[in-house]
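Close look at the chain arrangement
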Amino acid sequence: MAATKKTRSKKHKICVVGAGHVGLVAAACFAELGHKVICEDASKQRITDLKKLKMPFFEPELEALVKKNVKKGHLTFSYSLDNAVKKSDVIFLAVGTPPLADGSADLTSVENVARTIAFNLNSYKIIVEKSTVPVQTGQKIKETINRYRHGSVEFDIASNPEFLREGKAVYDFFYPDRIVIGTESKRAAIILKDIYAGLKAPIIVTNINTAELIKHASNSFLAAKISFINAVSRVCDLAGADVDMVASAMGMDKRIGKSFLNAGIGYGGFCFPKDLEAFHYIASKLGYDFGLLKEVKRINDEQQLYFVEKVKERLWVLKDKHIAILGLAFKADTDDMRFAPSEGIVRYFLEQGAIVTAYDPQAMNEAKQLFGKGTLRYAKNAYEAVKDAECACFLTEWDEFRGLDFKKIKKRMRFPLVADGRNMFNRDQMQRLGFEYLRIGG
Ligand code: UGA
């Protein structure tokens, strides 16, 4: 995958701070665009692994892109932020902003990096927020750098929020719907636009606060869309209507759009849950009670409970029942289990004394770390997972599951009950195959 045309005026010296899902992808993609990129991470282990071309997580296309650009000399890895900063003209911050107990974002890493940049400001640099941060963080970064820098070397702050999805991250980088650049400096805007030259996408240049808000508002709106359809799914179940048909017909209205209207066990991952909370928190702090966001979260949390209750109602007592969990990752094409809806569901079944066997095409290692040994059983594939099961719960919409031989699945199960948490299968087909089939919303 490559940029569409090359109209850039120069190759830029870029440092990406943080080799996580956003940082590593951005670093590899900037390198692919022809820039000279240093990807820095505070974890020595992560950098050592990356130098050996060992990826820290699964992301389609990423490994090939990293290997190619390391070989070309466009991409290097470092755990010395001091050096990486000194050698770079543009520094993208892609460090973690995890949630605190009160819902606000923990900006400790952002502040630490800002201070280190201040100490190493040896020439004009643009410091760009790429991680999702609350509105007005750019202002704080500026104050921090001004406070700690020696001398009067110039710098500019910008916000360039990333909209890439895990599992589609490389594609999203090269084919974005829009590129948002927030900065008060013309010089920074010109350089940042040049960095992205070659990508066919509208570029929106605005001020930093607006750019920061675009990101939080976008993620929160998408989460709200999911909760909306999940609430509709509950009414569909009560009324005997089909939520998939409702969503599909709603989505034909261009003003609504088809995407993010798949009902199921709700959203998870490291972005929506924390960003929604952080947006609510910052809005309250600024003086506005954004109650809608609380409701979006409540509906989302309830979907997991609704799903397990459906299973429980059918199996009556869960103690000693064999339950197969197919899919653990928070969505397909990733091994990420952070805030995955599967976690709450698995824990519920375990608490009820069920015997749980799980399989996921990519997230098995993550699951072992999360649940530990001696809690649930881990299967090598879906067929092994469903052996003697009284219920097979599909919790992640992997393509692999769509291609399963359901006659074989049925033969291996003790009782042919399928609970589809992602509405992946066709009710009529499943029933024709002899399954009792539970789904969400009709
Ligand atoms: C999300 C946004 O989509 C990205 O634009 C953004 O850059 C990213 O967060 C971020 O802030 O870093 P991501 O968390 O990778 O991306 O995942 P999504 O594809 O958006 O899915 C989020 C969750 O919603 C998943 O659990 C998914 O299963 C669920 N979902 C999605 C539904 O339940 N129904 C839908 O119709 C769509």
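Residues numbered from 1 in each chain as written. Predicted model: local features only at pLDDT ≥ 70, side-chain atom pairs only at ≥ 80, totals over all residues. Heavy atoms only, no water.

**With respect to the packing of aromatic side chains**
Aromatic ring pairs are described here by two measures, namely the spacing of the ring centres and the angle between the planes. The condition is simple: Aromatic pairs are defined between Phe, Tyr and Trp rings, using the six-membered ring for Trp, whenever the two ring centres lie within 6.5 Å; interplanar angles under 30 degrees are classed as stacked, those over 60 as edge-to-face, and all others as tilted. Think of it in three bands: residues with accessible area under 20% of the maximum for their type are buried, residues over 50% are exposed, and the middle band is partly exposed, with areas taken using a 1.4 Å probe on protein chains only.
Per the counting criterion, the structure on display carries 19 aromatic pairs. Ring geometry for Phe394 against Phe401: centres 5.6 Å apart, planes inclined by 75 degrees, an arrangement best described as edge-to-face. Both residues of the pair, Phe394 and Phe401, belong to the buried class. Summarising the aromatic geometry, the rings of Phe394 and Phe406 are spaced 6.0 Å apart at their centres and angled 45 degrees between planes, so their arrangement reads as tilted.

**Comments concerning the layout of surface pockets**
We count it as follows: Of the grid points, spaced at 1 Å and generated over the protein atoms alone, those admitting a 1.4 Å probe that cannot get out make up cavities, while open sets with protein on both sides within 12 Å along at least five of seven lines make up pockets; any residue with an atom within 4 Å of a point is treated as lining. Grid points are joined across faces, edges and corners, and a volume is the space filled by probe spheres set on the points. In this text, helices come from DSSP runs of H or I with a minimum length of four residues, and strands from runs of E with a minimum of two, each type numbered from the N-terminal end. For this classification, the nonpolar set comprises Ala, Val, Leu, Ile, Met, Phe, Trp, Tyr, Cys and Pro, the charged set comprises Asp, Glu, Lys and Arg, and every other residue, Gly included, is treated as polar. Segment limits for the domains were obtained from an automatic or database-derived domain assignment.
Considered as a void within the structure, the second largest pocket measures approximately 390 Å³ in volume. Leu107, Gln136, Thr137, Lys140 and Lys285 are, among the 20 residues lining the second largest pocket, the residues nearest its centre. Breaking the lining of the second largest pocket down by element, the ones donating at least two residues are α5 (108–119), α6 (137–148) and α11 (272–286). Class assignment of the residues belonging to the lining of the second largest pocket gives a composition of 12 nonpolar, five polar and three charged. Built from parts of two domains, the lining of the second largest pocket gets at least three residues from each of domain 1 (13–206) and domain 2 (222–439).

**Some thoughts on the nonpolar core**
Selection rule: For this analysis, a nonpolar core means a set of buried residues of the types Ala, Val, Leu, Ile, Met, Phe, Trp, Tyr and Cys, connected via side-chain atoms within 4.5 Å. Only heavy atoms matter for contacts: two residues are in contact if any of them lie within 4.5 Å across the pair.
Residues Phe307, Ile325, Leu328, Phe349, Cys393, Phe394 and Phe401 are the most contacted members of the largest nonpolar core, which totals 56 residues. The contacts of Cys393, once residues within four sequence positions are left out, are Phe307, Val311, Ile323, Ala324, Ile325, Leu326, Phe349 and Ala419. By size, the runner-up hydrophobic cluster in this structure holds 43 residues, among which are Ala19, Ile47, Leu164 and Tyr196.

**Let's talk about the site of the ligand**
To be explicit about the condition: To be near a molecule or strand, a residue needs just one of its heavy atoms within 4 Å of it. Any pair of N or O atoms that falls within 3.5 Å is considered a polar contact. Within protein, one atom must be able to donate a hydrogen and the other to accept it, and sequence-neighbouring residues count only if both atoms are side-chain atoms.
The immediate surroundings of the ligand are formed by 21 residues, with Phe163, Leu164, Glu166, Lys215 and Asn219 found nearest. A distance of 2.8 Å is found between an oxygen atom of the ligand and a backbone nitrogen or oxygen belonging to Leu164. In the environment of the ligand, an oxygen atom lies 2.9 Å from a nitrogen or oxygen atom belonging to the backbone of Phe330. Secondary-structure elements contributing two or more residues to the shell around the ligand are α9 (208–239) and α11.

**Some points on helix α3 (residues 62–72)**
The condition is simple: By definition, the arc is the one covered by directions from the helix axis to the C-beta atoms.
Within the sequence span of α3, burial applies to Leu62, Leu65, Val66 and Asn69. Along α3, the residues classed as buried sweep out an arc of 100 degrees about the axis, all on the same side. Relative to its buried face, α3 has exposed residues pointing more than 90 degrees away, namely Ala64 and Lys71. Buried-residue contacts for α3 involve α1 (23–32), β3 (75–78) and α7 (169–174). Within two residues after α3, Gly73 carries a phi angle of roughly 85 degrees, on the positive side.

**Structural notes on the pairing of strand β7 (residues 179–183)**
What counts, and what does not: Strands were regarded as paired on the criterion that DSSP finds at least two bridges between them. Seen with the strands pointing away from the viewer, any crossover whose path from the first strand over the helix to the second strand runs clockwise is right-handed.
Counting buried positions along β7 yields five of five residues, so the element is predominantly enclosed. The alternating pattern of β7 places Ile179, Ile181 and Thr183 and Val180 and Gly182 on opposite faces, both of which are buried. Relative to strand β8 (residues 203–206), β7 runs parallel, the two sharing four bridges. Within β8, the position partnered with Val180 by the bridge is Ile204. With helix α8 (residues 186–195) bridging β7 and its parallel neighbour β8, the resulting β-α-β unit is right-handed.

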